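# A structural walkthrough
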Amino acid sequence: MNEPLLHVDGLSVEFQTPDGWRQVTYEVSFRVDRGKTLALVGESGSGKSVTAMSILDLLPPNTRRTGRILFDGVDLVPLRDKGLRPLRGSRIATIFQEPMTALNPVYTIGHQLIEALTSHHDLDHRAARERAVQLLRDVHMPAPEEKVDHYPHQLSGGQRQRAMIAMAISSEPDLLIADEPTTALDVTVQAEILDLIAEIQERMGMAVLIITHDMGVVADVADEVVVMKDGRVVESAAASQLFRSPQEPYTQALLAAVPHLGKADDFLSAARNKLRIDGVTATTPLPETVLRLQDAVIRYPGRWRRPGFQAINGIDLQVARGEIVGLVGESGSGKSTIGKAVIGLLPVTEGVLEVRGERITGRPGRALRQLRRHVTMVFQDPASSLNPRRTIGQAISDPLLWQGLVRDPRARRARAKELLERVQINPDWSDRYPHELSGGQRQRIGIARAIATDPVLMIADEPTSALDVSVQAQVLDLFLALQRELGFSCLFISHDLSVVETLSNRVVVLRHGDVVEEGETEEVLHHPRDEYTRRLIAAAPVPDPEIQRVRRAERLAARRG
Amino acid sequence: MKLSPRIRQAITPLRTVMVVYLVVIIVLMAFAPLLAPYDPIAQNVAIRLQPMFSPGHLLGTDELGRDILSRIMFGAQVELFIALGATVLATVLGTLLGLLGGYFNGLTEVVTMRLVVDVILAFPPIVLALLAVTLYGPGPVTLIVAMGVLFAPIFARITYGQVLSTKREEYVDAARTFGAPTVVILFRTVLANVSAPIIVQFSLTMAAAILMESGLSYLGLGVVPPTPSWGSMVAQGQRYLTTDPHVLLVPGAVIVLTILAFGILGDALRDLLDPKAKKRS
């Protein structure tokens, strides 16, 4: 059994463009052994997804592959659709990042499972349905007899991914290709899904090719790791070896950039600690409260006579001057809702919202406009929060115009250039449009816009979750430097505990619209009192295979016990 | 000169020919007093119904001996002026209605989209045009206003649909949080991002307006004679269809080509401005 199950040998992929063929991957080679897990790691644009998708030729028609892809000794490159079809979904199964788009929304998951089953096996409808329920049970779907008749939109994200996995394993494949299978999921759900994949792999002895950008996930599941950058393999090694002693500078940089809990020697952390000391000496004995929420209830407006959904059930929250407060929680916890309410996109239905001691709740539009001068926001996705028809120079100086702070167009242009320099963007680029910049550069523009009016409080709603890790580290670095220099307070909303740890002075943990725990960052993250906080911390993957192995054992024990 | 791939893809031989045709028509129209060989309304019965390519009259003469080429050139002035006026009016009116209806919910939406747009759409267009001409008499102004109102709902619907999705974009929220006044959000942020299909529709509506103007002139409800207009030239020509078909066919061909050219220009603009639309079709 020396021959690997999958042997990719010198695989290059080219895309046809109006300017001719453009090569996107360069002679990628790796092997996946039977029953083992290989992780293909890289940042966006590294060619990891293209490589994985080219195995089953799931690429757009304007592509061509050269090299060899040996699956069980057979070269897949010369095969066309007809030759690949017997392999797809049967010996090689695929799961994708977003199960909502990969599942057909107009059929029940049972229907889709039965379709997959009957296409590969000779089964009658009743037997297929029984098998479908059994498969859902195998992937630990709660109440499988009921869920089999549910439509994809009736399931939660984690349940949808379970349904996808059930479909993928229905043919007992030899190889499972998982393209960022947990990226769209919350950390606690991510941990469950990764446990599930590991469990199925062990039971069925299948090999897994997982594509991910998350070094924590790699550490959790991979036996072998292939690191890719700009379409080339940078390093490939056994997981234990790669994490212990990465050879290539790029891998080292990638690992160093990954924020994770308890990374005490991290320079960002150091900067934050220094800031705290500076902050204490600089502020008056009684720190001024910049933001105060008291018994705040936030309800989404209902339609017609139906009442709206209550997202926040009466919480207290305070942010002092110069303080960064991390607001953490999983999707649906209401963390973004709080941000929207503070900035004025949603009304606070009951309770009190004060900014700089001024009450905002129950005030008309004028007070809100005054408020907006002092409170700004950095949005999660800079690609969608910047107007595509405004240049970046206009985008960051527009708030100055709207607030009536700088009326002279020339002065605004000058200020825009100054702000661009502040966020380390070439000021000569001020006439460029957002789509001409990279993701990290765009988010710098988002930050420049948010500091343009010299705010007292900045709301940062997952500002780095759309970015690659190495870029994320740079943006967070910039963010902290600006915060130190300008002294604004910040409500930092994130699902990523490690990012919050490096940045914030205090942490507030939210769950289903309630505050479950709050306190000093180190206190909350290293000595959590609440059960949910503990689970959240345990679920966040750490780029260290040893720790992940211990944690998985603990999780499994807890689930059985 | 190096063109971006998107522009190169939008340029095809047919489109190039059509754009050249439109440029020729516009030049002939603009400089008609200088370029036209004859006075378009000067009659000369002695040389009536000359065929095409006869000496001195490239496209022949009509039943009153008027030079058809000169009449086409001066007719273009009226034709394009009315079509452009009606289309501009429809664009401004419709875009405004759609913008307001799409951005504001509740009463504004009901008034703009239901009470105004849907009511206009409920009438057969020709009947409404006939009504306007009957009430206010034929002439360019009546035609422009009537057709402007008639074509406005198309723009309103397109804008409305675009605004409904655009107003949920995060950059609109972002503009609000940074204190942008509603007027700025409407006319800067939102309008700039819904303009592409409106520009495309502008070109297509030009074609429709030329067609309708020709139709109304054919019925004698458009431009008052003796001012030349393509539609009335067709109407006069039909009596000589069997004996001298060029009197009808020349203006007819010009109408068809011009409508086609604007339609194809619209396609080209769509590809240029909205690369997503091409994938869908």
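In this text the structure is predicted, and so the values were computed from the model without any measurement.

What counts as what
- Residues numbered from 1 in each chain as written.
- Chains lettered and ligands numbered in written order.
- Predicted model: local features only at pLDDT ≥ 70, side-chain atom pairs only at ≥ 80, totals over all residues.
- Heavy atoms only, no water.
- Axes fitted to C-alpha atoms, helices over the stretch in contact; angles between N-to-C directions.
- Helix = DSSP H or I, 4+ residues; strand = E, 2+ residues; numbered from the N terminus.
- Parallel < 35°, antiparallel > 145°, perpendicular 65-115°, else oblique.
- Left-handed = near helix turned anticlockwise from the far one by under 90°.
- Contact = heavy atoms within 4.5 Å.
- Nonpolar A, V, L, I, M, F, W, Y, C, P; charged D, E, K, R; others polar.
- Patch = residues over 30% accessible without salt bridge, like charges linked within 9 Å, V, L, I, M, F, W, Y side chains within 5 Å.
- Areas by Shrake-Rupley, 256 points an atom, 1.4 Å probe, with all protein chains shown as cover.
- Salt bridge = Lys/Arg side-chain N within 4 Å of Asp/Glu carboxyl O.
- Buried < 20%, exposed > 50% of the residue type's maximum accessible area, 1.4 Å probe, protein only.
- Pairing = 2+ DSSP bridges.

## What to know about the packing of helix α4 (residues 109-120) of chain A against helix α7 (residues 157-169) of chain A
Residues and elements named next belong to chain A. Orientation of α4 relative to α7, taken along the N-to-C sense of each, is 15°, at an axis distance of 9 Å. As far as their axial angle goes, α7 and α4 are roughly parallel. As α4 runs across α7, the sense of the crossing is right-handed. Of the residues in α7, those in contact with I109, Q112, L113 and A116 of α4 are A163, A166 and M167.

## Some points on the packing of helix α6 (residues 125-136) of chain B against helix α7 (residues 140-166) of chain B
Residues and elements named next belong to chain B. Packing of α6 against α7 brings their axes to within 10 Å, and their N-to-C directions diverge by 150°. Here α7 runs roughly antiparallel to α6, going by the angle between their axes. Note on packing geometry: the crossing formed by α6 with α7 is right-handed. Side by side, α6 and α7 meet where P125, L128, A129, A132, V133 and Y136 of the first sit next to T142, A146 and L150 of the second. Counted by class, the contact of α6 with α7 contains eight nonpolar, one polar and no charged residues.

## Quick look at a nonpolar patch on the surface
All names here are of chain B. Together, V19, V23, V27, F31, L34 and L35 make up a nonpolar patch on the protein surface, roughly 550 Å² of accessible area in all. Broken down by secondary-structure element, the contributors of at least two residues to the nonpolar patch are α2 (13-30) and α3 (32-35). In terms of residue count, the dominant contributor to the nonpolar patch is α2 (three residues). As for its position among the elements, V27 is in helix α2. Residue V27 is classed as partly exposed on the basis of its relative accessible area of 37%.

## Description of the sheet that holds strand β20 (residues 514-520) of chain A
Residue and element names in this part refer to chain A. Taken in spatial order, the six strands make up an open sheet running β16-β17-β18-β13-β19-β20, and their pairing is mixed. The open sheet terminates on both sides in strands that have one partner only, identified here as β16 (375-378) and β20. Along the sheet, successive strands turn relative to each other by an average axial angle of 20°, direction set aside. Against the sheet, helix α18 (residues 439-451) makes contact with β16 and β17 (457-461), and its axis sits at roughly 180° relative to β16, the strand it touches most.

Bear in mind that shape data such as this cannot, by itself, settle questions of function.
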